[in-house]
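# Observations on the three-dimensional arrangement
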Amino acid sequence: MEENEIQYGKITAAGEAGRRGREQEMKENGVIQEYTGSLSRQIREEYHISEEYYHGEIKRGLRNSDGTGVMVGVTKVGSVQGYLLQDGQRIPIPGRLYYRGIELNDIVEAHRAEGTFGFEEVAYLLLMGYLPSQGELRHFNEIMNRARKLPEGFTEGMIMRRTSGNIMNELGRSILSLYSYDPDPDDLSVDNLLRQSVELIGYFPSIVANAYAVKRHHFGGESLHIHYPEEGLSTAENFLRMIRPDKSYTEEEAHLLDMMLMLHAEHGGGNNSTFVCRALSSSGTDTYSAIAGAVGSLKGPLHGGANAKVMEMFHYIQENVDPHDDGSIRDYLVRLLDGEAGDRSGKLYGLGHAVYTLSDPRAVLLKKYARHMAQIKGYEEEFDLLQKVEELGIPLVQERRHSDTPMCANVDMYSGLVYTMLDIPEDVFTPLFASARIAGWCANRMEEVITMLGTGAGIVAQLGVFLFGAYLAVTKQGVTPGVVIVFLPLMSFVVDPIGSVPPILANRRAAVALIDKLADAVGKNVRESGE
């Protein structure tokens, strides 16, 4: 057995005794369940809030009555653009996702062309705010080699004790426990926040891989293999190596997973888990509490768990349609929408997005680069069927909504199948998503603590403000200042850097006032740049 590998045999007698103990606890809890169950209908009525209360300035969550997002903050970390507003009307545009003002598509395409791994560069960009030089990236990769190693005894003392059947639960619990391993867990200085962030970006994939191995052993009776991360490998390579008993993977598999990590690293400050992270951070709490809250949010099936719901729906479709007959597919999609099939929710998972209209740039990249993997792994028919679900499902949903507003497939439509092609089990889908999004969470937390904590402003959601930048390969870095983009959840506007306000914002006085201030603040730098 290798020096960097821990191997355990089949499930032990102690494990069986522990399981029997849990079963006894469940029986004892039955009395409590009987009591609460008898009150559930009455409680549901007591908690009901009538629709009549939601009018005027009363918001339903983070949505205005017209479906747009509530504008209350500013972020430079990331932005989502799916349409423009002109005279109060949404103008659909191809979706764009920006990391620190640089379009993600450009970063991904550059790494695909060069055959290099990009997640580490994306993590650096999000954390530091700028692209690294060649030397800076090399040094960051060396630091990440150290950061991937969990604290001594952590796997045995934390992950292997009281094993959870849900890896996201195990991840959240593990993150909270890291507080006890940190010599300065409550220090909110910038250097300490950055240290914690780098360590967490390294820890996440290792925790997920080990938690999965322990779950297979504890609940499935499989032999337990714990593989330690290997220096010199990327995050994607190490994850595939750690999660597979034989540690084998191909270069194409690693590069496809690396792209998945880049696509999921950040998605604007208004998404649910990032919002939770920022809200908790605004209270002055420690990093581990804020990140564990974000993990809990991502665990929900309406957020990070959506890709697993797509695959559940897809299995129902596979079992009930002729994949070569559009009529058969359409008929079953109608049954799903009618709540007569599948999970009976009346939903087609993976279709539609709160911001994107014509396209989700992440889904576009997945369809472009996952096709070859589908061919070599024998998933081409499944890939084609998913595209049929997208093609036939969108007009059906539009018809139900009595709307001709453009819709697109979102990233969840294809990410689950991509993970499946990479032999990643469904219960690891969302934890792997978290292993990418931790970079965005940490960047948003640092921004919240640095810019907002102590001002008494509080946090609800964010706009994004940044200079557009062009992505340059690691040997030619440099961000060219350009126009300022102001992002509101569900809307994006381009603003003249000199300070004039486009007509499309004339009917939003609050936004105009804010944009004037922002334009004045950046105007000097923009003018000096010659742009």
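As a reminder, the structure under discussion sits directly above these lines.
First, a word on what this report is: a plain description of the structure on this page. The shown structure was predicted, so the numbers you read here are calculated from the model rather than taken from an experiment.

What counts, and at which threshold
- Residues numbered from 1 in each chain as written.
- Predicted model: local features only at pLDDT ≥ 70, side-chain atom pairs only at ≥ 80, totals over all residues.
- Heavy atoms only, no water.
- Helix = DSSP H or I, 4+ residues; strand = E, 2+ residues; numbered from the N terminus.
- Buried < 20%, exposed > 50% of the residue type's maximum accessible area, 1.4 Å probe, protein only.
- Contact = heavy atoms within 4.5 Å.
- Areas by Shrake-Rupley, 256 points an atom, 1.4 Å probe, with all protein chains shown as cover.
- Polar contact = N/O pair within 3.5 Å; in protein donor to acceptor, adjacent residues only side chain to side chain.
- Core = buried A, V, L, I, M, F, W, Y, C linked by side-chain atoms within 4.5 Å.
- Pairing = 2+ DSSP bridges.

Moving on, we come to the overall build of the protein. Helix and strand counts for the protein stand at 18 helices and nine strands. Relative to its 531 residues, the protein shows a buried fraction of 50%. Put simply, of all contacts in the protein between residues at least 6 apart along the chain, 71% involve residues at least 24 apart. Within the structure as shown, the protein displays about 24,200 Å² of accessible surface, and the carbon and sulfur contribution to it stands at 51%.

So, on to helix α6 (residues 167-177). Most of α6 is tucked away, with eight of its 11 residues classed as buried. Those residues of α6 not exposed but buried are Ile167, Met168, Glu170, Leu171, Gly172, Ser174, Ile175 and Ser177. Its buried side turned inward, α6 meets α5 (154-159), α7 (190-220), α11 (287-298) and α17 (429-451). The N-capping residue of α6, defined by a side-chain oxygen 2.9 Å from the backbone nitrogen of Met168, is Asn166.

With that settled, consider the environment of Glu136. Residue placement: Glu136 occurs in helix α4 (residues 134-147). Since its relative accessible area comes to 32%, Glu136 is described here as partly exposed. For the pair Glu136 and Glu121, spaced 15 residues apart in sequence, the C-alpha separation works out to 9.7 Å. Excluding residues that lie within four positions of it along the chain, Glu136 makes contacts with Tyr124, Tyr130 and Leu131. Within the local environment of Glu136, its side chain forms a polar contact with the backbone nitrogen of Ser133, the two atoms lying 2.8 Å apart.

For Asn444, the location among the structural elements is in helix α17. Ignoring sequence-local partners within four residues, the contact set of Asn444 consists of Thr75, Val77, Glu266, Gly269, Thr274 and Arg278.

Before going further, it helps to examine the nonpolar core. In terms of nonpolar packing, the biggest core is built from 124 residues, with Ile175, Leu200, Phe204, Leu257 and Trp441 touching the most fellow members. Filtering out sequence-adjacent residues up to four positions away, Trp441 remains in contact with Phe204, Ser273, Thr274, Cys277, Ile291, Ala294, Val295, Leu298 and Ala434.

Moving on, we come to the sheet that holds strand β4 (residues 89-99). Ordered in space as β3-β4-β5, the three strands form an open sheet in which the pairing is antiparallel. The sheet is open, and its two edges are formed by β3 (78-86) and β5 (102-103), each paired on a single side. As judged from the two bridges shared by β4 and β5, these two strands associate in the antiparallel manner. Bridge pairing links Tyr99 to Ile102 in β5.

This part takes up the side chain of Arg148. By the secondary structure assignment, Arg148 is in the loop between α4 and α5. If sequence neighbours within four positions are ignored, Arg148 has contacts with Glu120, Gly202, Ser206, Pro229, Leu233, Ser234, Thr235 and Asn238.

Once that is clear, we can look at the environment of Gly352. Here Gly352 is to be found in the loop between α13 (326-337) and α14 (361-377). A C-alpha to C-alpha distance of 5.4 Å links Gly352 and Cys408, two positions 56 residues apart in sequence. The contacts of Gly352, once residues within four sequence positions are left out, are Met407, Cys408 and Asn410.

None of this, on its own, says anything about what the molecule does.
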